[in-house]
Amino acid sequence: MRLGRHVKYWGRNAFVWTGISLACMLGFWLLNELGNAQYMQGVGLGASFLVYLAIAGLFVSMISILSAFQTEIPLLISMNVTRKAAVWGLAAGHAATVLLHILLGILIWCIFGIWEMEIIIFISSLLASVLLGSGGFGMLFGAIALRWGKIGSIIMAVAILVMTVSIAVFIAMQGGSISLQHISLEAMMEHNFWPLALVMAAFYLFTGAAAFMLTRKIEVRV
């Protein structure tokens, strides 16, 4: 598969994954925020969209990468695409997905007429941290499942269960609801997740390399 075809293939997937996140974001908002009329404008509404975009992006990233390791990576390898090209193509595709989510988050705020650079930095660093982190775990778990078959799938399922329970416990500790609708613009601008985003970027590259090492000698059956 030539470079242009790689870009087209994974680029299409990046847009599809971002579209799924957008649909999930709107679904979350309709289910949880539509009745809160007092937050149906300005910063409160934009903040709610941002929270739901981050949550949707987290789960879409994890699920899409795990699915790719189970279906698309074996299919590409069976079509004589090298394992290196397949794994790093997936990693690059998800990186493009992260960028699209960031642009979408910024667009949401711009729709509400909020152009402050501090907010753009906040949105970019927050989404980059969440999506690169979840994408890194997806790369690692997906490669483990592909490398060790049923045993790998069990390890992956247990790890995801632990992560899901941890997130549920955190939400419960917050009173059952995570939302930025009560936060002020000034308070949001004080947050900067770029140090965390840089750590997650390094983690993402590490898991990409680990995924390649785990899958470089696998035999696939389609």
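Note that this is a predicted model, so its numbers are computed, not measured.

Undergrad: Got a minute to help me understand the packing of aromatic side chains in this structure?
TA: One pass over the structure, following the stated rule, counts five aromatic pairs. Relative to Tyr52, the ring of Phe28 lies with its centre 6.2 Å away and its plane at 55°, an arrangement referred to as tilted. Here Phe28, found in helix H1 (residues 3-32), pairs with Tyr52, found in helix H2 (residues 42-78); they are 24 residues apart in sequence, far enough to count as distant. Judged by relative accessible area, which is 29%, Phe28 ranks as partly exposed. The class for Tyr52 is buried, based on a relative accessible area of 7%. Every member of this aromatic cluster is reached through a ring pair, and the members are Phe137, Phe141 and Phe203.

Undergrad: Sorry, what's going on with the packing of helix H3 (residues 83-111) against helix H6 (residues 194-215) here?
TA: Packed helices, taken two at a time, are described by the angle their axes make and the gap between the axes. As a packed pair, H3 and H6 sit with axes 9 Å apart at the nearest point and diverge in direction by 155°. On the basis of their axis angle, the class for H3 and H6 is roughly antiparallel. For the crossing formed where H3 meets H6, the hand is right-handed. Of H6, the residues touching H3 (which contributes Arg83, Lys84, Val87, Trp88, Leu90, Ala91, His94 and Ala95) are Tyr204, Leu205, Gly208, Ala209, Ala211, Phe212 and Thr215.

Undergrad: Where do I start with the confidence of the model for the protein in this structure?
TA: Overall, the predicted model of the protein reaches an average pLDDT of 81, with 77% of residues at or above 70. This stretch, residues 175-183, has a pLDDT under 50; its non-local contacts, to residues over four places away or in other chains, come to 22 contacts.

Undergrad: Looking at this model, I keep getting lost on the packing of H1 against H3. Mind explaining?
TA: Remark: H1 packs on H3, axes separated minimally by 8 Å, with the N-to-C direction vectors making an angle of 40°. Classed by the angle they form, the pair H1 and H3 counts as oblique. Where H1 crosses over H3, the handedness of that crossing is right-handed. Of the residues in H3, those in contact with His6, Trp10, Ala14, Phe15, Trp17, Thr18, Ser21, Leu22 and Met25 of H1 are Ala85, Ala86, Gly89, Leu90, Gly93, His94, Ala96, Thr97, Leu100, His101, Leu104 and Ile108. Taken together, the residues that form the contact of H1 with H3 break down as 13 nonpolar, eight polar and no charged.

Undergrad: I keep staring at H6 and nothing clicks. Help me out?
TA: Think of an α-helix as 3.6 residues a turn; residues three or four steps apart then line up on the same face. When the terminal C-alpha atoms of H6 are compared, their 31 Å separation across 22 residues agrees well with the 32 Å that a helix rising 1.5 Å per residue should span. Turning to H6, its buried residues number three or more, namely Ala197, Met200, Tyr204, Thr207, Gly208, Ala210, Ala211, Leu214 and Thr215. The arc that holds the buried residues of H6, viewed along the axis, is 170°, so those residues lie on one side. Turned more than 90 degrees from where H6 packs its buried face, Pro195, Leu198, Leu205 and Phe206 sit exposed.

Definitions and limits used
- Residues numbered from 1 in each chain as written.
- Predicted model: local features only at pLDDT ≥ 70, side-chain atom pairs only at ≥ 80, totals over all residues.
- Heavy atoms only, no water.
- Phe/Tyr/Trp six-rings, centres within 6.5 Å; stacked < 30°, edge-to-face > 60°.
- Helix = DSSP H or I, 4+ residues; strand = E, 2+ residues; numbered from the N terminus.
- Buried < 20%, exposed > 50% of the residue type's maximum accessible area, 1.4 Å probe, protein only.
- Axes fitted to C-alpha atoms, helices over the stretch in contact; angles between N-to-C directions.
- Parallel < 35°, antiparallel > 145°, perpendicular 65-115°, else oblique.
- Left-handed = near helix turned anticlockwise from the far one by under 90°.
- Contact = heavy atoms within 4.5 Å.
- pLDDT = per-residue confidence, 0-100.
- Nonpolar A, V, L, I, M, F, W, Y, C, P; charged D, E, K, R; others polar.
- Expected span 1.5 Å × (residues − 1).
- Arc of directions from axis to C-beta.

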